[in-house]
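Coordinates in review
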Amino acid sequence: NEEGYVRAYILCPGAVVGPTRGPVKSATSLFIRFAQLAYCQSGFGFYVGEGTNEFLFVHVDDTVDYYLRVIDVAVNNKDAGASSYERYFFVTSNGLKWKDVVGAIAAEFHRLNKIQSSEPRILNPSELDPYVLLALLWHPQTYALPSQLSILARDQSMIAGRGKLLGWTPRIIDPKVDILETTV
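Notes on the structure follow. (Residues numbered from 1 in each chain as written. Predicted model: local features only at pLDDT ≥ 70, side-chain atom pairs only at ≥ 80, totals over all residues. Heavy atoms only, no water.)

A few words now on the overall build of the protein. When helices and strands are tallied, the protein shows seven helices and eight strands. Within the protein, the fraction of its 184 residues that count as buried is 42%. A fraction of 83% describes how many contacts in the protein between residues 6 or more apart in sequence connect residues 24 or more apart. Summed over all atoms, the accessible surface of the protein reaches about 10400 Å², with 56% contributed by carbon and sulfur. (Helix = DSSP H or I, 4+ residues; strand = E, 2+ residues; numbered from the N terminus. Buried < 20%, exposed > 50% of the residue type's maximum accessible area, 1.4 Å probe, protein only. Contact = heavy atoms within 4.5 Å. Areas by Shrake-Rupley, 256 points an atom, 1.4 Å probe, with all protein chains shown as cover.)

With that settled, consider helix H2 (residues 60-75). One turn of the α-helix equals 3.6 residues, which is why residues spaced by three or four share an orientation. Helix length check: H2, at 16 residues, gives a terminal C-alpha distance of 22 Å against a target of 22 Å (1.5 Å per residue), a fit within 8%. Two residues or fewer past H2, Asn77 is found with a positive phi of approximately 50 degrees. (Expected span 1.5 Å × (residues − 1).)

The next thing to look at is the nonpolar core. Counting 22 residues, the largest nonpolar core has Tyr39, Phe57, Trp98, Val101 and Ile179 as the members making the most contacts within it. Elements with a minimum of two residues in this core: strand S2 (15-19), helix H1 (30-42), strand S4 (46-48), strand S5 (54-59) and helix H3 (98-111). With six residues, H3 is the single largest residue contributor to this core. Phe57 has contacts with Ala15, Val17, Ile32, Thr92, Ser93, Asn94, Leu96, Trp98, Val101, Ile173 and Ile179, leaving out every residue within four places of it along the chain. (Core = buried A, V, L, I, M, F, W, Y, C linked by side-chain atoms within 4.5 Å.)

Here we come to the pairing of strand S7 (residues 94-97). Only one face of S7 is buried, namely the one carrying Asn94 and Leu96, since none of Gly95 and Lys97 on the opposite face is buried. Strand direction decides the pairing type here: S5 and S7, joined by four bridges, are antiparallel. Of the residues in S7, the one forming a bridge with Phe55 is Leu96. (Pairing = 2+ DSSP bridges.)

A full pass over the atoms with the stated rule returns four salt bridges. A salt bridge links Glu54 to Lys97; the shortest N-O distance between them is 3.7 Å. On the criterion of sequence distance, the pair formed by Glu54 in strand S5 and Lys97 in strand S7 is long-range, its members being 43 residues apart. Under the relative-accessibility criterion, Glu54 is labelled partly exposed at 28%. Arg111 serves as the salt-bridge partner of Glu108, at 2.6 Å between the closest nitrogen and oxygen. Of this pair, Glu108 and Arg111 both sit in helix H3, separated by three residues, roughly a single helical turn. Of the residues examined, Glu108 reaches a relative accessible area of 19% and is grouped as buried. By relative accessible area, which is 56% here, Arg111 ends up exposed. (Salt bridge = Lys/Arg side-chain N within 4 Å of Asp/Glu carboxyl O.)

A positive phi angle, near 60 degrees, is found at Asn113, a position not held by glycine. Among the structural elements, Asn113 can be located in the loop between H3 and strand S8 (121-123). Residue classification places Asn113 among the exposed residues on the basis of a relative accessible area of 70%.

Within the secondary structure layout, Arg121 lies in strand S8. As for Arg121 and Tyr47, which are separated by 74 residues in sequence, their C-alpha atoms are 6.5 Å apart.

With that settled, consider the packing of aromatic side chains. One pass over the structure, following the stated rule, counts seven aromatic pairs. Note on Phe44 and Phe46: the rings are 6.0 Å apart at their centroids and 65 degrees apart in plane angle, and the pair reads as edge-to-face. (Phe/Tyr/Trp six-rings, centres within 6.5 Å; stacked < 30°, edge-to-face > 60°.)

This is the structure:
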């Protein structure tokens, strides 16, 4: 700008999932892929505690739409007086209970004979490490460490209210459609 500052826009999407319309067939969150690897290596789906923690998702097409709306604001200088805080965007549509996500994955993986049971197991946090290490040994390019899978046991809390100001309306994520069909 005139004062010599770079006007930055930061977008932080949740777990991006879903079949796409572009050249990439599907988008799948690295956390989902890593969890699935751990399930295949352990032989069962699992979640920590009650599985009531919320994991935030957004469809890949909704993410692209959000980016295009922010680019339009930036290119057309529609926010000339906006503070840097107003240029920080969370991109999420809805939270899903991790138990429901794992339940959908476990049912499908069991149907495909990838795991032993369609019912996920309940683990406590100290039980995560062996399964995470198995997944790492089987698929080391995931670059995840045992402590990183613990995010699957935590709530994510973001409010994506600024998107509505841009006219953005995301679809609701369905784990059986937007997660399973693009990862199995």
